[in-house]
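Here's the letter readout for the chains.
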Amino acid sequence: MSTIPNMNRLRCFFYTRANSLLLLPRSSFSPAVHLRFRRLSSVFDSFPNQSPNSTPDVDSKTKTTCGIASRAEDKPEEKHRRSGSRGWDPGEVVMNKKKGKVKTSWVCESCGHSEGQWWGSCRACNKVGTMRRFSEGSSESLVSGGGGGGGSEGAGLAWLPEQGVAQPLKLSSVIDGITHQQWRISLPGLFGNEVGRVLGGGLAPGSLILIGGDPGIGKSTLLLQIAAIIADGNDLAQPAPVLYVSGEESVDQIGSRADRMKIETDELYLFSSSDLQDILTKAHRLSPRALIIDSIQTVYLKEVTGSAGGLTQVKECTSTLLRFAKKSNIPVFLVGHVTKAGDIAGPRVLEHIVDVVLYMEGEEHSTYRLLRSVKNRFGSTDELGVFEMSQSGLEVVSNASGIYLSQQNTESDVLAGLAVAVVMDGSRSFLIEVQALCATGSTVSRHVNGVQASRADMIIAVLMKQAGLRIQESGIFLNVANGMALSETAGDLAIAAAICSSFLEFPIPHGVAFIGEIGLGGEIRTVPRMEKRVSTVAKLGFTKCVVPKSVEKSLTSLGLKEIEIIGCKNLKELINSVFRG
């Protein structure tokens, strides 16, 4: 048997099991770079002197070989071999070792129900195609317990204060001496007040807040503005540090966006990392007033199996951040990606873990953004924030109720087939325009856009039967202006008025709004929050409002002198009151 020349240049470990062996040359390794967080002001200062070949700072105390743990004690001959000039090093041999037993379960990403084997549909919510594989390793190989990774807490969060033995407390002793202003972190300014109202009156300490939305909707812009407001402080609190962590952007990219938005606070710290244990360690040293993670799908825990963004990693990282927020009393903001269906990516249990779930919505070709509260343990979910995206960031819309009113024809005081409806979205009231067109001899019998087809068919049938309109031979087209969707029954009266206006060729004068639901008998019924709707109509300068007859007296007693309340019992009274020659 011939010998292999230069045997000393090839050194490796022989593994008895049938596993793959990977030999990596020394030149393929490079020291891992551990970045430190930087102030936003220092990022601005570094822009003029930045060069393409510049490299980030390296902490010499935290240098380590990539993927290989350093040894405390080495033999002299091993140190000599490592320091030599040979091409291979025994310490640089990486093997794919066989892991311990892995328990596999199937989890429904919609409701969180788990099964021991795969089924075509979830047995709890009966949804098809929602079962995803979820692996839980044994204690020998990994730490990812189904309850929330207690091992990772011991390894990465050992510095957190111990809670001790919990004892039941009286409610009176808990709330004694605590006021709303002292317990909440207030957000000053117009923008801060709008966000604080959606959060329930301010930011609750130790809360975990999840913000979802479509890509490019403005989630990062929203959180950067919130971070600047919290860092600046207010009359009740001094400026304090806020840590903004991004796993998708570099520090310079975040600083460039902050410069465009004219954010110059000195207490805002930026950090780019995906290692959650490293992020929480940095947060512990800085002790910020708030922590922002952008996004939860990019961070990971080393002790948990799976890649970043997987079901296991997302669940365990969220649970770890929840323990961090509750023990340190630091509010944490999370950015969550959404799927094609509009839901936040990851297991459905993610929304059950956090305290607050906010969705940011907006039309594709519109600059308006809506911040909606879906879940809130510290306030109401009826609140809605309205913003407008500009070059300098998000700005509060002063007149949110009239943002969906299109521009009227300035050359004419009237327009046939157009009616204004008043709808509610949460605690906000909005005015939207309903357009109708009745075309005799049209090849298309009916077409609706923005209105439920079944609802439109019912209103048209009631108009033919109860009001006596002969519109069965006309093609009817319905549309809601600005691409809005009318799903509330309060818009029934406006739909009927628009159809009557187009069929009778009698334009509805400007300054008339319609509020009411239509029944199968042609009667006009009341809807919730009539006072709120009528007050909004009066503030926007409308002169008349058509409402159900049953609430005419109560609305007249509100003292709104600038608007006339017109009550109607049925559709015939509507036609006689509005469409009179």
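All of the points below concern the structure found in this document. (Residues numbered from 1 in each chain as written. Predicted model: local features only at pLDDT ≥ 70, side-chain atom pairs only at ≥ 80, totals over all residues. Heavy atoms only, no water.)

## Digging into the sheet that holds strand β26 (residues 564–568)
- Read across the open sheet, the 7 strands follow the order β19-β20-β18-β17-β22-β25-β26; overall the sheet is mixed. Taken across any chain shown, the strands that pair with only one partner, and hence form the sheet edges, are β19 (446–449) and β26. Along the sheet, successive strands turn relative to each other by an average axial angle of 25°, direction set aside.
- Two elements, β19 and strand β20 (residues 474–480), share 4 bridges in a ladder whose sense is parallel. Considered in β20, the bridge of Arg-446 is made with Ile-476. (Pairing = 2+ DSSP bridges. Helix = DSSP H or I, 4+ residues; strand = E, 2+ residues; numbered from the N terminus. Axes fitted to C-alpha atoms, helices over the stretch in contact; angles between N-to-C directions.)

## Topic: the pattern of salt bridges
- For the coordinates displayed, the defined rule picks out 17 salt bridges.
- Among the salt bridges present, the one from Lys-326 reaches Asp-355, with a minimum N-O distance of 2.7 Å. Of the two residues, Lys-326 is situated in helix α10 (residues 311–328) and Asp-355 in the loop between α11 (349–353) and β12 (356–361); the sequence distance between them amounts to 29 residues.
- A relative accessible area of 40% means that Lys-326 is categorised as partly exposed. (Salt bridge = Lys/Arg side-chain N within 4 Å of Asp/Glu carboxyl O. Buried < 20%, exposed > 50% of the residue type's maximum accessible area, 1.4 Å probe, protein only.)

## So, the packing of aromatic side chains
- If you walk through the whole model with that rule in mind, you get 3 aromatic pairs.
- Look at Phe-191 and Phe-387: their rings are 5.4 Å apart centre to centre, the planes differ by 50°, and that puts the pair in the tilted class. One end of the pair, Phe-191, is in helix α6 (residues 189–199); the other, Phe-387, is in strand β14 (residues 384–390), and 196 residues separate them in sequence.
- Look at Phe-387 and you get buried, because its relative accessible area is 0%.
- Seen from the ring of Trp-119, Arg-123 lies directly overhead, with NZ or CZ sitting 3.8 Å from the centre. (Phe/Tyr/Trp six-rings, centres within 6.5 Å; stacked < 30°, edge-to-face > 60°. Lys NZ or Arg CZ within 6 Å of the ring centre and 35° of its normal.)

## Here we look at the packing of helix α12 (residues 453–465) against helix α13 (residues 492–504)
- At a closest axis distance of 10 Å, the pairing of α12 and α13 adopts a crossing angle of 55°. The pairing of α12 with α13 is recorded here as oblique in orientation. Both α12 and α13 take part in a crossing whose hand is right-handed. Contact with α12, carried on its side by Arg-455, Ile-459, Ile-460 and Leu-463, involves Asp-492, Ile-495, Ala-496, Ile-499 and Cys-500 of α13 and no other residues of that element.
- In terms of residue class, the contact of α12 with α13 is made up of 7 nonpolar, no polar and 2 charged. (Parallel < 35°, antiparallel > 145°, perpendicular 65-115°, else oblique. Left-handed = near helix turned anticlockwise from the far one by under 90°. Contact = heavy atoms within 4.5 Å. Nonpolar A, V, L, I, M, F, W, Y, C, P; charged D, E, K, R; others polar.)

## Regarding unusual backbone geometry
- Each neighbour pair has its own omega, and for Asp-294 with Ser-295 the value is 10°, a cis peptide bond.
- Even without being glycine, Lys-262 reaches a positive phi, approximately 60°.
- For Lys-262, the location among the structural elements is in the loop between α8 (251–260) and β9 (268–272).
- Even without being glycine, Asn-482 reaches a positive phi, approximately 65°.
- Structurally, the position occupied by Asn-482 is in the loop between β20 and α13.

## Focus on a nonpolar patch on the surface
- Taken together, Leu-169, Leu-171, Val-174 and Ile-175 make up a surface patch of nonpolar side chains, about 430 Å² in accessible area.
- Secondary-structure assignment places Val-174 in helix α4 (residues 171–175).
- Of the residues examined, Val-174 reaches a relative accessible area of 42% and is grouped as partly exposed. (Patch = residues over 30% accessible without salt bridge, like charges linked within 9 Å, V, L, I, M, F, W, Y side chains within 5 Å. Areas by Shrake-Rupley, 256 points an atom, 1.4 Å probe, with all protein chains shown as cover.)

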